[in-house]
Structure formats: structure tokens, C-alpha cells
Amino acid sequence: MSVQPDMDARIAKLLAAMPVGAVRSVAACASSGNNRTYKVQTEHRTLAVKQYFRHGDDTRDRLGTEFGFLSFAAQAAPGCAPAPLSMDCEESLAAYEFVEGRALAAAELQWTHVQAAIDFFLALNTPQARLLAKDLPPASEACFSVAGHLELVGRRVAGLAAGIPDTVDNSAAVALVQQLKTYWDALASRVLESAVAPDVLLAPAQRCLSPSDFGFHNALLQADQRLRFLDFEYAGWDDPAKLVGDFFAQLAVPVPAEYFDRFVAAIAAAFTDPQAVIARANLLRPVYQVKWCCIALNVFLPTHLARRQFANPGMDKAILQRRQVAKAQSIFQSLPTL
């Protein structure tokens, strides 16, 4: 991916107050996400500079959320995530510690990696850390009741059903969304019937500091075999059951289902009523599988496609959409029979 013509000057402005010396080089990093990331070499160190997506239909403060959460994580879980260094809201840019490492492949994922994710979560949720984070906002799609979870995912299903144009090119996606909607209507009714007090809000003590979009697609393995976690633009206070559901439904580096019970038990141990967390995580697990079917198909919606194209201007839309339909079909086929 090429570097925008004025990016050197914008990065120099971002780093002007930092003791890093002159900018020597700016190189675009490969991206398939929502934003653009650059590897910036200065006189004294290497930095990561992130340029955040902005769109009239997407009002989330991605920069402020990520920078604020990383500032908290630097105190609560030092060394687990990149250190935040500088931000420029006007330019939608932020500078972070550059993390050297490689992505994990699904085939090499082991319990030791899952344990590292658990350790990071637990460090973010100690009593002392929770006090540090008292002013952080809710996560971007925070849910604090069972009814809230159902409403969130129901909106996604309805948005796809109404938003994907019924064209020949979109036929596979449209057909899958129709199947998904039928399944969702039955699942939502069953979850609502099974839930205890579905409208009651989760007590603050039962909420967690969630990295959101948490999984090994957002992690790098360093040469010393330590994992560093990345991308916190949706992070904040949330339901730990939602974190679990998302963690086990990620598309890029799926976590083996055999680890589910151990992971949930370890996460739940951080709370005063662990059995309630475990029960809610099990109840909501298929709800979040449906959610990730929807996320896979977001590339058929204009705003979401624009975000992907911003991060990777050279991408082939048709190839991306075919790949995402295949991922969504795989998740859909794994859903429990109702």
C-alpha cells in the first residue's frame, strides 16, 4: 500500500513535541482492518502511526477510545499492549510504540496463548485497575442485560436484511441472510425464554474492562514468545459474557471450542458471582456466533465497505466479498440446531 503524498508532513507534525528526532522514513503496513498504519523510522526510534477512519455515518471516536484505553492498559497491564505516545485529533492520527512480532496462525494456537489472553484480561480487571478505569466509557457496543444483547444482534441481522441490494452479485449473501434471519428469530425467542430477568441491568461490579474485538487476529507473537495485544478502538466497560462470545466467534484466528469452558471459568473468577458469568456466557454463545456471521457480511454494506477500502485502497471488492460469505457460511453451519 502506498503512502499518501502529505503523510510525511502530517506525521512530522504529530511527532514534533516528542524527543524522537527527525523522521527518516514512512512505510505503509499491510492492512485488512479499518484504519491505516505506518511504520515510522525516526532518528532515535521506530514508531507505529495509525490514521483513523472517519465517515459521516460512523460517529465513533476510534482514536480517543483507543488512546484512552491504551493509556489505562499501560498502567494496569504494562508490556501487554503498545504504549500510547502522541495523538492529533484534528488529523485523526496517533503514535504508538512499534511492536515487532508476527501474527499467529490458527493451526499453531495452543492453551499457552489463550492463557496469555486470560492474564491480560485479569490484569485489566483487578480491583486497583478498575479504580483507574472508572472514567473510561462503555465499549462501543456495550450490553448490560440479556435483552440488550438480543437487541444489539437483532439490529445487525435486520440491517443486513434491509441493507444488502438484491443483485446477482449479492445473491449468495442475500440467501444466507434470509436463512440467518429465520434462525435468529427462533434463537432470540429461545434465549429470552431461558433468561432470568432478561431486562435487569448488570450490576457495575459484574461488568468488565473489555478490550473488545479481543482475539488472536489482534495479537503479535514476539521473538521471546510473548504475546502483545493490539487494536482497542471499541474498548471499554462491558459484559464479560460478551467478551467471551466475541472471543470464541472471531473469524481470522478461530479459538478451538475445546478451550471454551476453561476460558470462561478463568474469566468468571474475577467476579463476585462467577456462576452467573458462566451461565450468561453459555446462554449467549450462539447469539455471538450470529453476530459474527453478520460482521463477516458487513462488506456488503456501503459504510463498512468504505472503511475496508480506506484501510486497503488496493483491495479487490469481489474477492473480499466472496471470502466473507464463505466465512459467514462456515459460522452459520456451526450454529447449534434449535
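Residues numbered from 1 in each chain as written. Predicted model: local features only at pLDDT ≥ 70, side-chain atom pairs only at ≥ 80, totals over all residues. Heavy atoms only, no water.

### Structural notes on unusual backbone geometry
Here is step 1: Its identity is not glycine, yet aspartate 213 carries a phi of approximately 40°, on the positive side.
Here is step 2: Tracing the backbone through its elements, the reader meets aspartate 213 in the loop between strand E6 (208-210) and strand E7 (219-221).
Here is step 3: Aspartate 213 gets classed as partly exposed once you look at its relative accessible area, which sits at 21%.
Here is step 4: Positive phi outside glycine occurs at aspartate 231, with the angle close to 65°.
Here is step 5: Turning to its location among the elements, aspartate 231 is positioned in the loop between strand E8 (227-229) and strand E9 (236-238).
Here is step 6: Of the residues examined, aspartate 231 reaches a relative accessible area of 29% and is grouped as partly exposed. (Helix = DSSP H or I, 4+ residues; strand = E, 2+ residues; numbered from the N terminus. Buried < 20%, exposed > 50% of the residue type's maximum accessible area, 1.4 Å probe, protein only.)

### Some words on the packing of helix H6 (residues 171-194) against helix H9 (residues 274-297)
Here is step 1: Viewed as axis vectors pointing N to C, H6 and H9 meet at an angle of 160°, and their least axial separation amounts to 10 Å. Classified by the interaxial angle, the pair formed by H6 and H9 is roughly antiparallel. Classified by chirality, the crossing of H9 by H6 is left-handed. Contacts between H6 and H9 involve Ala173, Leu176, Val177, Leu180, Tyr183, Trp184, Leu187, Val191 and Ser194 on the former and, on the latter, Leu283, Leu284, Pro286, Val287, Val290, Cys293, Cys294 and Leu297.
Here is step 2: Of the residues in the contact of H6 with H9, the class split is 16 nonpolar, one polar and no charged. (Axes fitted to C-alpha atoms, helices over the stretch in contact; angles between N-to-C directions. Parallel < 35°, antiparallel > 145°, perpendicular 65-115°, else oblique. Left-handed = near helix turned anticlockwise from the far one by under 90°. Contact = heavy atoms within 4.5 Å. Nonpolar A, V, L, I, M, F, W, Y, C, P; charged D, E, K, R; others polar.)

### Some words on the packing of aromatic side chains
Here is step 1: Tallying each qualifying case throughout the model produces 16 aromatic pairs.
Here is step 2: Relative to phenylalanine 271, the ring of phenylalanine 121 lies with its centre 6.5 Å away and its plane at 50°, an arrangement referred to as tilted. A residue pair is termed long-range when its members are at least 10 positions apart, and phenylalanine 121 in helix H3 (residues 111-124) and phenylalanine 271 in the loop between helix H8 (260-268) and H9 qualify at 150 residues. By the burial criterion, phenylalanine 121 is buried, and phenylalanine 271 matches it.
Here is step 3: Through a chain of ring-to-ring contacts, the aromatic side chains of Phe69, Phe72, Phe120, Phe214, Phe216, Phe229, Phe232, Phe247, Phe248, Phe260 and Phe263 assemble into a single cluster. (Phe/Tyr/Trp six-rings, centres within 6.5 Å; stacked < 30°, edge-to-face > 60°.)

### Digging into the sheet that holds strand E3 (residues 46-51)
Two pairing modes exist for strands in a sheet, parallel and antiparallel, and in both the strands are linked by backbone hydrogen bonds.
Here is step 1: With antiparallel pairing, the five strands of this open sheet are ordered in space as E1-E2-E3-E5-E4. Every other strand in the sheet has two partners, leaving strand E1 (23-28) and strand E4 (84-88) as the edge strands with one partner each. Strand-to-strand twist in this sheet, taken as the mean axis angle between neighbours without regard to direction, amounts to 25°.
Here is step 2: Both E4 and strand E5 (residues 93-97) contribute to a ladder of four bridges, which runs antiparallel. (Pairing = 2+ DSSP bridges.)

### Notes on the pattern of salt bridges
Here is step 1: All told, the structure shown has 21 salt bridges when counted by the stated rule.
Here is step 2: Arginine 228 is the salt-bridge partner of glutamate 97, the closest N and O atoms lying 2.9 Å from each other. Taken together, the residues glutamate 97 in strand E5 and arginine 228 in strand E8 connect sequence positions 131 residues apart.
Here is step 3: The exposure class of glutamate 97 is partly exposed, given its relative accessible area of 22%.
Here is step 4: For arginine 228, a relative accessible area of 4% puts it in the buried group.
Here is step 5: A salt bridge links aspartate 135 to lysine 134, with the shortest nitrogen-to-oxygen separation between them at 3.4 Å. Pair check on accessibility: aspartate 135 and lysine 134 agree, each one exposed. (Salt bridge = Lys/Arg side-chain N within 4 Å of Asp/Glu carboxyl O.)

### Side note on H3
Here is step 1: Under the 1.5 Å per step criterion, the end-to-end length of H3 is 20 Å for 14 residues, consistent within 8% with the ideal 20 Å.
Here is step 2: When we look at burial in H3, the residues that qualify are Trp111, His113, Val114, Ala117, Ile118, Phe120, Phe121, Ala123 and Leu124.
Here is step 3: In this fold, the buried residues of H3 make contact with helix H2 (62-76), helix H4 (127-132), E6, E8, helix H7 (240-247) and H8. (Expected span 1.5 Å × (residues − 1).)

### Section: the environment of valine 277
Here is step 1: On the secondary structure map, valine 277 appears in helix H9.
Here is step 2: Take valine 277: its relative accessible area is 0%, and that puts it in the buried class.
Here is step 3: Separated by 37 residues in the primary sequence, valine 277 and proline 240 have C-alpha atoms spaced 7.0 Å apart.
Here is step 4: Other than its neighbours up to four places away in sequence, valine 277 contacts Gln206, Pro240, Ala241, Ala268 and Phe271.

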